[in-house]
Amino acid sequence: MSRTILPGATLGMLGSGQLGRMFAVAAKRLGYRVHVFSPDKDSPTGQIADLEVQANYDDLDAVAAFAQDVDVVSYEFENVPVDMLETVERYAPVYPGGHVLHTAQHRIREKTFLQSAGIPVTPFHAIHSAEDLQKIGNADVPGVLKTATLGYDGKGQIKIESVDELKAAWQELNCDEAVLERWVDFDSELSVVAARGHDGTTEFYGPIANSHSNHILDISVTPTGLPESVANEAIEIARTIMTELNVVGVLCVEFFLASNGKLLVNELAPRPHNSGHLTVDAHVTCQFEQQVRAICGLPLGATTQPRPSAMANLLGDLWQNGEPDWERAIAVSDLKLHLYGKQEARVGRKMGHLTVMADTPDEAAKKARAAREALVNNSPS
Ligand SMILES: Nc1ncnc2c1ncn2[C@@H]1O[C@H](COP(=O)(O)OP(=O)(O)O)[C@@H](O)[C@H]1O
Ligand SMILES: [Mg+2]
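Not measured: the values here are computed from a predicted model.

Quick notes on the rules
Just so you know, the residues in each chain are numbered from 1, in the order the chain's sequence is written. Lettering for chains starts from A, numbering for ligands starts from 1, and both go in the order in which the items are written. Whole-chain, interface and lining totals are the exception, using all residues; otherwise, since this is a predicted model, local features are given only for residues with pLDDT of at least 70 and side-chain atom pairs are given and counted only at 80 or more. The basis for every side-chain value is the complete set of heavy atoms in the structure, and neither hydrogens nor water enter the calculation. Helix and strand assignments come from DSSP, with helices taken as H or I runs of at least 4 residues and strands as E runs of at least 2, each series counted from the N terminus. Both definitions apply: the radius of gyration is a C-alpha atom measure, and the globule rule equals 2.2 Å times residues to the power 0.38. For the exposure calls, accessible area comes from a 1.4 Å probe over protein chains only, and a residue counts as buried if that area is under 20% of its type's maximum, exposed if over 50%, partly exposed in between. Should any heavy atoms of two residues lie within 4.5 Å, those residues are considered in contact. Exposure was quantified through the Shrake-Rupley algorithm and a 1.4 Å probe, taking into account, for residues, occlusion by the shown protein chains and nothing else. Here a residue is near a molecule or strand as soon as one of its heavy atoms is found within 4 Å of it. Any pair of N or O atoms that falls within 3.5 Å is considered a polar contact. Within protein, one atom must be able to donate a hydrogen and the other to accept it, and sequence-neighbouring residues count only if both atoms are side-chain atoms. Think of it as three bins: nonpolar holds Ala, Val, Leu, Ile, Met, Phe, Trp, Tyr, Cys and Pro, charged holds Asp, Glu, Lys and Arg, and polar takes everything else, Gly as well. We call a set of buried Ala, Val, Leu, Ile, Met, Phe, Trp, Tyr and Cys residues a nonpolar core when their side-chain atoms join them within 4.5 Å. Shown as donors are all N, O and S atoms within 2.8 Å of a metal ion, widened to 3.2 Å for Na, K and Ca; because water is not in the atom set, sites may appear incomplete. DSSP bridges decide pairing: two strands pair if at least two such bridges lie between them. To obtain an axis, a line is fitted to C-alpha atoms, over the contacting stretch when the element is a helix, and the angle between two such axes runs from 0 to 180 degrees between their N-to-C directions.

So, on to the overall build of the protein chain. Counting its secondary structure elements, the protein chain contains 11 helices and 16 strands. Taking 2.2 N^0.38 as the reference for a compact globule, 381 residues should give roughly 21 Å; the C-alpha atoms of the protein chain span a radius of gyration of 21 Å, in line with that estimate. Overall size of the protein chain, expressed as C-alpha extent along the three principal axes, is 60 × 55 × 45 Å. Burial status across the protein chain gives 55% buried among its 381 residues. When contacts within the protein chain are restricted to residue pairs at least 6 apart in sequence, those whose partners lie at least 24 apart make up 63%. Within the structure as shown, the protein chain displays about 16600 Å² of accessible surface, and the carbon and sulfur contribution to it stands at 47%.

What follows concerns the site of ligand 1. With respect to spatial proximity, 21 residues lie near ligand 1, and among them K146, G154, E189, N266 and E267 are the closest. Between ligand 1 and the protein, one listed contact pairs an oxygen atom with a side-chain N or O atom of N266 at 2.8 Å. E267 is positioned with one of its side-chain polar atoms (N or O) 2.8 Å from an oxygen atom of ligand 1. Bound to the protein, ligand 1 loses 93% of the 550 Å² it would expose on its own. Where the shell around ligand 1 is concerned, the elements lending two or more residues are β6 (143-147), β8 (178-182), β9 (186-196), β12 (249-258) and β13 (263-269). Residue composition of the shell around ligand 1, by class: six nonpolar, seven polar and eight charged.

Right, let's talk about the environment of D187 for a bit. In this structure, D187 sits in strand β9. For D187, a relative accessible area of 56% corresponds to the exposed category. With 75 residues separating them along the chain, D187 and K262 place their C-alpha atoms 9.9 Å apart.

With that settled, the discussion passes to the nonpolar core. Of all hydrophobic cores here, the largest spans 30 residues; its most connected members are I241, L251, F255, V265 and L268. Here this core gets seven residues from one element, more than from any other, and that element is helix α7 (residues 228-244). Listed in part, the 24 residues of the second largest apolar core include I5, L11, F23 and V292.

With that settled, the discussion passes to the coordination of the magnesium ion (ligand 2). Summarising the metal site, the magnesium ion (ligand 2) is bound by the protein donors E254 (OE), E254 (OE) and E267 (OE), whose distances to it range over 2.0 to 2.7 Å. Note that E254 is positioned in strand β12 and E267 in strand β13, a separation of 13 residues in sequence. Note on E254: relative accessible area 14%, which makes it buried.

This next bit is on the sheet that holds strand β10 (residues 202-213). If you walk across this open sheet you meet the eight strands as β13-β12-β9-β10-β11-β14-β16-β15, and the pairing is antiparallel. Looking along the sheet, the strands with just one partner apiece sit at the ends: β13 and β15 (336-339). Averaged over all pairs of adjacent strands, the angle between strand axes in this sheet comes to 25°, irrespective of strand direction. Of the strand pairs in this sheet, β9 and β10 are connected by seven bridges, and their pairing is antiparallel. Across the sheet, S191 pairs through a bridge with I208, a residue of β10.

Take it as geometry only, folks, not as evidence of what the structure does.
Have a look at this one:
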């Protein structure tokens, strides 16, 4: 039986981006110490953590030394290499556990698990070799070919309109395994962020409605205004996943709400999620504090949300005319600005986000978009 890890202990974080940063903020607020491991220096997480260990993920001596110094470990990305994970596990517990990572870091395993748990997923074919492309017929397209591993923010996936385009897409992806998913004609995309403790208790955020731009999350809003039956079904699916996979920690379920009204699971992320960033300001306990509580064996916190809320991502694109006009954002007195401390603003790179609250979800979304537009620096530099 795992022990409770109380404030004052040291938490280890694998990966040093914004998810690790917000985890570190939540952990520090609760009085924990945080060590972070990644190949980067002066990283978003390292700027907050007590110790930033800079080493490659395949430097297993450095991994072992890191793990010996911490009481428990979590991660902020699902592509944690297997030998790294095994090394960490020799010295400290890792949550969510290795079996969760193994499933969620590979699209074929993930979809196969979901199907076996009776959960509806996007129709798909597993592609292990060029021969498997022969199985694809006109009923399977339009579709999207996705690498089985390492994809994020729409990277590692190619949309195909017809069977003829399949071969070129497979060659372009140049990977060992992939899935071909049928293109889903959806009304909306939703997510549920779930937390589960050592004792099996669960808490949920959402559903949260997500709109994407260029395959990258753009705006998240909650509540969604969808019928209660849809919201309840999404949460029950998330509950089943948490229980069947025996997750300890935080995991996000991404859904499509298809135009026929059916919920389909798109993918899982075994960590806090971009769509859950609004919980930092809009909910009594945020997804990152929930991650700390869950991995430490503390009771989970309340997920009550006093007011409708919206979050807008701030991508590097906003920097195209120079530094955004932060004073205009700060001037909106109830707006919460989050910047991740990244030095270089590249197109499509997540640099920060902003969160607003309002009386209705629509109003919150409008306010978030307007605030983001006001940030664009219009004065020629
Ligand atoms: N089968 C599909 N049908 C329609 N849209 C899709 C499909 N698969 C992906 N998309 C779009 O691309 C986005 C990113 O795809 P996803 O599989 O979630 O990969 P990742 O988030 O890892 O980049 C989705 O949120 C959705 O907007
Ligand atoms: Mg996704």
